[in-house]
Amino acid sequence: LRDMLTQLQVQIPSHLRKKKQSGDKPASAEPTRRDLLHAIFRLCDADADGLLCAEEMRVFAQQTGLEGMDDKQWKDEFALLCSDNGADPSQGISVQLLEKLVNDRSDGGCYCDDDELKAIRAAMELEAKEAARLASTRTPERAALVLQVFRAFDIDQDGALNEQEMYAIAEHLGFTGGAEKWAE
């Protein structure tokens, strides 16, 4: 139920909101290509060291449609990508190199147009928000609270919640369909 409620409360990122019509207040300025790229780089750079290692770059590559490579194949591809562009695979890819790759329309590049960059950033921001939400729910305090709630509603104390016990929880969470609707 909590996941359903959370999904309903997901807000559309500001850069994806519909632009205002003329006569309304002007829409905020569109992010530049460089802004989009830097935002994507920060979202990929999990260890915040200013370089994308193979695992971090794979996140970006998957967003561009890379599929079907096992770990070894990807490491080989990453090493080739780095060496073809004068980067050390053990160091990783800089934001400048990523920018070069995303602007390169040749076979050696990874060209993305602005709409693709916007979509990649939006998808990665959504994933980051979901990961942060999940991480915030995995605290010892929350686990203890969930256990308390479980025990309070496990009336027959059999270690499982039956239909009636789950219905009682649903009512507390706002379900108003009645017992018959719940039984369906």
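For the structure itself, consult the block above.
Residues numbered from 1 in each chain as written. Predicted model: local features only at pLDDT ≥ 70, side-chain atom pairs only at ≥ 80, totals over all residues. Heavy atoms only, no water.

### Focus on the pattern of salt bridges
- Across all of its chains, the model carries nine salt bridges by this definition.
- We note a salt bridge from Arg34 to Glu99, for which the minimum N-O separation is 3.4 Å. Of this pair, Arg34 sits in helix α2 (residues 33-44) while Glu99 sits in helix α5 (residues 95-103); the two residues are 65 residues apart in sequence, bridging distant segments of the chain.
- On the basis of relative accessibility, which here comes to 49%, the residue Arg34 falls in the partly exposed class.
- The closest approach of N and O atoms between Arg121 and Glu125, which form a salt bridge, is 3.7 Å. (Salt bridge = Lys/Arg side-chain N within 4 Å of Asp/Glu carboxyl O. Helix = DSSP H or I, 4+ residues; strand = E, 2+ residues; numbered from the N terminus. Buried < 20%, exposed > 50% of the residue type's maximum accessible area, 1.4 Å probe, protein only.)

### Overview of helix α3 (residues 54-63)
- The set of residues buried in α3 consists of Ala54, Glu56, Met57, Arg58, Phe60 and Ala61.
- Those residues of α3 hidden inside the fold are in contact with α2, α4 (71-84), α5 and α6 (114-136).
- Immediately beyond the C-terminal end of α3, within one or two residues, lies Gly65, with a positive phi of roughly 110°. (Contact = heavy atoms within 4.5 Å.)

### Details of the side chain of Glu56
- Mapped onto the fold, Glu56 is located in helix α3.
- An unpaired buried charge is present at Glu56: no salt bridge exists, and Lys75, the closest side chain of opposite charge, is 11 Å distant.
- Side-chain polar atoms of Glu56 contact the backbone nitrogen of Ala46, separated by 3.0 Å.
- Dropping the residues within four chain positions of it, Glu56 is found in contact with Cys44, Asp45, Ala46, Asp47, Asp49 and Leu51. (Lys, Arg positive; Asp, Glu negative; His and termini not counted. Polar contact = N/O pair within 3.5 Å; in protein donor to acceptor, adjacent residues only side chain to side chain.)

### Overview of unusual backbone geometry
- Residue Ala48 is not a glycine yet carries a positive backbone phi of 55°.
- Looking at where Ala48 falls in the secondary structure, it is placed in the loop between α2 and α3.
- Accessibility expressed as a relative area gives 64% for Ala48, which makes it exposed.
- The phi dihedral of Gln157 is positive, around 50°, even though this residue is not glycine.
- Tracing the chain through its elements places Gln157 in the loop between α7 (140-153) and α8 (163-172).
- Under the relative-accessibility criterion, Gln157 is labelled exposed at 68%.

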